[in-house]
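# Topology and contacts: notes
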Amino acid sequence: MKYATWSKSAGLAVLEPFRDEPGPVLISLQALQREFGYIPAEAVAIVANFFNVSRADVHGVLTFYEDLSSSPPLPNEIHVCIAEACQAVGSRSLEKALKLAHGEQVRDVFCFGNCALGPAAMVNGVLIGRATPEKIAAAMK
Amino acid sequence: MNFAKVFVPGDSAAVSVGADDVVAEITRLAKAADIQIEIVRNGTRGVFWLEPLVEVQVGEKRIGYGPIKGDDVAGLFEAQFLKGGSHELCIGNVEDLPWLAKQDRVTFRRVGLNDPLSMSDYEAHGGLIGLRRALKLSGEEIVAEVLESGLRGRGGAGFPAGIKWRTVLDAQSDLKYLCCNADEGDSGTFADRILIEGDPFTLIEGMAIAAIAVGATQGIVYTRSEYPTAIAKLNAAIAIACEHGLLGKNILGSNFEFNLKVRSGAGSYVCGEETAMLESIEGKRGVVRSKPPLPAISGLFGKPTVINNVLTFSSVPAIISEGASAYKSRGVGRSLGTQVFQLGGNVKCGGIVETGFGITLGELVSGYGGGTLTGKPIKAVQIGGPLGAYFSPKNFDLSMDYESLLAAGGMLGHGGVVIFDTEVDLAIQAKFAMEFCAIESCGKCTPCRLGSTRGAETIQEIIEGHNVAANKKLLLDLCEVMTDGSLCAMGGLTPMPVKSAMINFPGDFENRSAVTK
Ligand SMILES: Cc1cc2nc3c(=O)[nH]c(=O)nc-3n(C[C@H](O)[C@H](O)[C@H](O)COP(=O)(O)O)c2cc1C
Ligand code: SF4
Ligand code: FES
C-alpha cells in the first residue's frame, strides 16, 4: 500500500467530501487513515474544528477502533487471524513464529471470514489462506 | 472447438489459495494455443476444500476440476479440460457432487453460478421476481408474508423478522432507515461475506423489498473492514442496481424511493451488536445503547430503523417470490426455513451447507465435514461463534435448530460450526473466550469489562493447577454475575463457551499440574 505524505492542507482536502455527512467523525478518520496510513496527532484538532465537535469526541473515536492508528505505518502490515477456527489449525504457533520474525509489523485480527481455509492472514491487504511463514514472507515487501 | 467458457471463482477465499494465479495461467496457455476462452469470475460454491475450483461449460453441464494450482493448469490443457476431459482432479458435473446435491439451497441458490455483477444472469436465474411481486403488494401484505414464513433473524438472536418490520411499518416518521448488519464478527462464520461477494443483488433486492414494506427510503450496509473485497463488490453492485432502477428515486418505475450505501466497520467486534453498530454508523465510539427505546422505534439518528443480518434480508426475495408456505415447509418446530451453516476450523471438507433446520450436528461435521483436516478424531465443536458453546462428539445427535441448541446449553448464533481435533485444550479455549471479551468489551458494564479479565486470570490459575476446586467455583460465580449483570450478549454470553467447556470437557479442568510443565 502506498500512502500520501501528511500535511494540513492534504488532510483538509480528505475531509472536504464529508462536510455534509451526518455523523462524520469515524468515516473521516477512516478516510485519513486510508490516505496517510495513520492519523497524525495534529489531525485530531483539525477534524474537531472542521466538523465542530470536541477534540475529546475525536480522540474517543480514534482510540476505540482497532483499525485506527496514531503512529505511521510500518513497511509491512501483517494481520494474522487468531480466532477459534484458525486456532484449530495452528494459528497460535503461526502467530508466534511471525512475531518472532517480523516483530511489530504483525497484528492480531479476529477472523477474516476464511475459516475453512485457515490459518488466515492478510499481508498488505492481500488475504492468504492456509497461511505459512513462507507464504507470508513471499507476500511481503 | 475453439471457444470455451471457464469459471474460476473471484471470491476472496478462492483467491487466498491461488485462484488469480490459475486465471493468469489459463489465460496464458489458451493464448499460446490460440484458443478463445471466456473466463467468468463467479462467486464460490462454498466447497472450500476444492478451491480453486475451475469449471468448464460443456453443453448443459459444468465440469469441475479442483483444487487447482497454477502448476496444474498445463496438465488440464493436456487433458483437454475445455471439452470436459478426464483428469485426476476432475469431479464431474459440479451440481451432481453429492456434497452440493444433498443441500437445499434457497438463500444461496445463485451463489457461485455466475458473474455476481451481471444483472442479466441475475434475472435469468430468478432474480427480481420477488421485488416485482412486492411492488404489487401493500406494506401490510409483505410484512404478513414475512411473518407467515417464520423467518427469524440470522444474525444471532433469532428474533422474528416480521415482528420487527411491523413495528417500523406502524411507526410514524418522516424518515425511516434500514440497516443491514454485515459486521459478521463471529469467528467461524463467512456466509455474509460469500453472499455479498457472490450474489450481492439478492441482498439489494431483499433490502429493497423491506424498504417498500416498511416505508424506509435510506439503507446502510455496515460491513466489517476485514472484508475489503465484499465492500468493493457491494459498492459496484449498488452502482449497477441504480443504473437498472432497482435503487434510487423510482424503484422499477414505481413511486417507491430507496437509496443504499455501504459503511465500513473499523475492527471492533462489539459493533456487530445492533445498537453499537448504530453508534458506529453515527460516527461515534461503538458503545452499546440501553433498550428501550428499541431501534425499531428510535434507531439510527433517532429514526425508526429495521436492523437485520445479511442472511435475513437475503432470504426475503425467495419468500416473496415463492410464498411463505414454500419457505416454511422446511425446518422443524419454530425454526422454519433453511439455515446457512458454515463449517470451518480443523475440517476436511469445510464450507457452506445450506439445509433445513433440524439436521443433526453429527451429519454436519462428520457427514458433510468428513472429520478433521489432520485426520485425528474430533474432540470439540464450537457452535455459534466466540460466544457459542463447545460440544463434544457425545452431542452429535443434537438437532441443529434454535430451540434444541438452547435446551442443550448452546445457541445457533450465525450458524458457524468450528471443528477441533484431539489437540485442543478446552481450558485454554475457555480462557480465550474470557480474553476475547476483555479485549472487545465496549466498557459500559463492570461484569463484562472487569469480570472477563478476572475470569481469564482464574482460568489461568486452574490451568496451572492452583486451588483448582475453589477456582472452579469462583469461575462459576463469576459466570453467573456476567450473565445476570451485563447489558448485552457480549458479557452476557461469554460464560456460554466457558461453562460448556467445563461441563462437556471436565477432564481438561482437572489435574492440570500433571500436564503443565
Ligand atoms: C457482541 C455482539 C456481536 C454481534 N455481532 C453481530 C454480527 O456480526 N452480525 C449480526 O448480524 N448480528 C450480530 N449481533 C446481533 C445483533 O445485535 C442483532 O441481533 C442482529 O443484527 C439483528 O438482525 P437479525 O434479527 O436479522 O439477526 C451481535 C450481537 C452482539 C451482542
Ligand atoms: S456487556 Fe460488555 S459489550 Fe455489552 S454493553 Fe456491557 S460492557 Fe458493553
Ligand atoms: S477464524 Fe480465522 S478467518 Fe475466521
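Shown above is the structure to which this text applies.
Residues numbered from 1 in each chain as written. Chains lettered and ligands numbered in written order. Predicted model: local features only at pLDDT ≥ 70, side-chain atom pairs only at ≥ 80, totals over all residues. Heavy atoms only, no water.

## Describing the interface of chain B and chain A
- In this assembly, 53 residues from chain B lie in contact with 36 residues from chain A.
- Note on chain B versus chain A: buried area summed over both sides is about 3,400 Å², and carbon and sulfur give 58% of it.
- If you look at where chain B meets chain A, you find two salt bridges.
- Glu 21 of chain A is paired through a salt bridge with Lys 261 of chain B; the nearest N and O atoms lie 3.3 Å apart. (Contact = heavy atoms within 4.5 Å. Buried area = accessible area lost by both parts, 1.4 Å probe. Salt bridge = Lys/Arg side-chain N within 4 Å of Asp/Glu carboxyl O.)

## With respect to the site of ligand 2
- Taken together, the neighbourhood of ligand 2 is formed by 13 residues, with Cys 442, Lys 444, Cys 445, Cys 448 and Cys 488 of chain B sitting nearest.
- When the residues that make up the shell around ligand 2 are grouped by side-chain class, the tally is eight nonpolar, four polar and one charged. (Near = heavy atom within 4 Å. Nonpolar A, V, L, I, M, F, W, Y, C, P; charged D, E, K, R; others polar.)

## Here's the deal with the site of ligand 1
Residues and elements named next belong to chain B.
- In the neighbourhood of ligand 1, 20 residues make up the surrounding shell, with Gly 155, Asn 181, Asn 308, Asn 309 and Thr 312 lying closest.
- One of the backbone nitrogen or oxygen atoms of Gly 272 is found 3.2 Å away from a nitrogen atom of ligand 1.
- For ligand 1, whose accessible area on its own is 610 Å², the fraction buried by protein is 92%.
- Only strand 9 (305-309) and helix 21 (489-493) provide two or more residues apiece to the shell around ligand 1.
- Per element, the largest residue contribution to the shell around ligand 1 is three residues, and it comes from strand 9.
- Taken together, the residues of the shell around ligand 1 break down into five nonpolar, nine polar and six charged. (Polar contact = N/O pair within 3.5 Å; in protein donor to acceptor, adjacent residues only side chain to side chain. Areas by Shrake-Rupley, 256 points an atom, 1.4 Å probe, with all protein chains shown as cover. Helix = DSSP H or I, 4+ residues; strand = E, 2+ residues; numbered from the N terminus.)

## Here we look at the sheet that holds strand 8 (residues 259-264) of chain B
Residues and elements named next belong to chain B.
- Overall, parallel pairing links the four strands, which are arranged 8-7-6-9 in an open sheet. Only two strands of the sheet have a single partner each, and these edge strands are strand 8 and strand 9. Here the strands of the sheet are splayed against their neighbours by 20 degrees on average, with no regard to which way each runs.
- Where strand 6 (residues 177-182) lies against strand 7 (residues 218-223), six bridges are found, and the strand directions are parallel. Bridge pairing links Cys 179 to Ile 220 in strand 7. (Pairing = 2+ DSSP bridges. Axes fitted to C-alpha atoms, helices over the stretch in contact; angles between N-to-C directions.)

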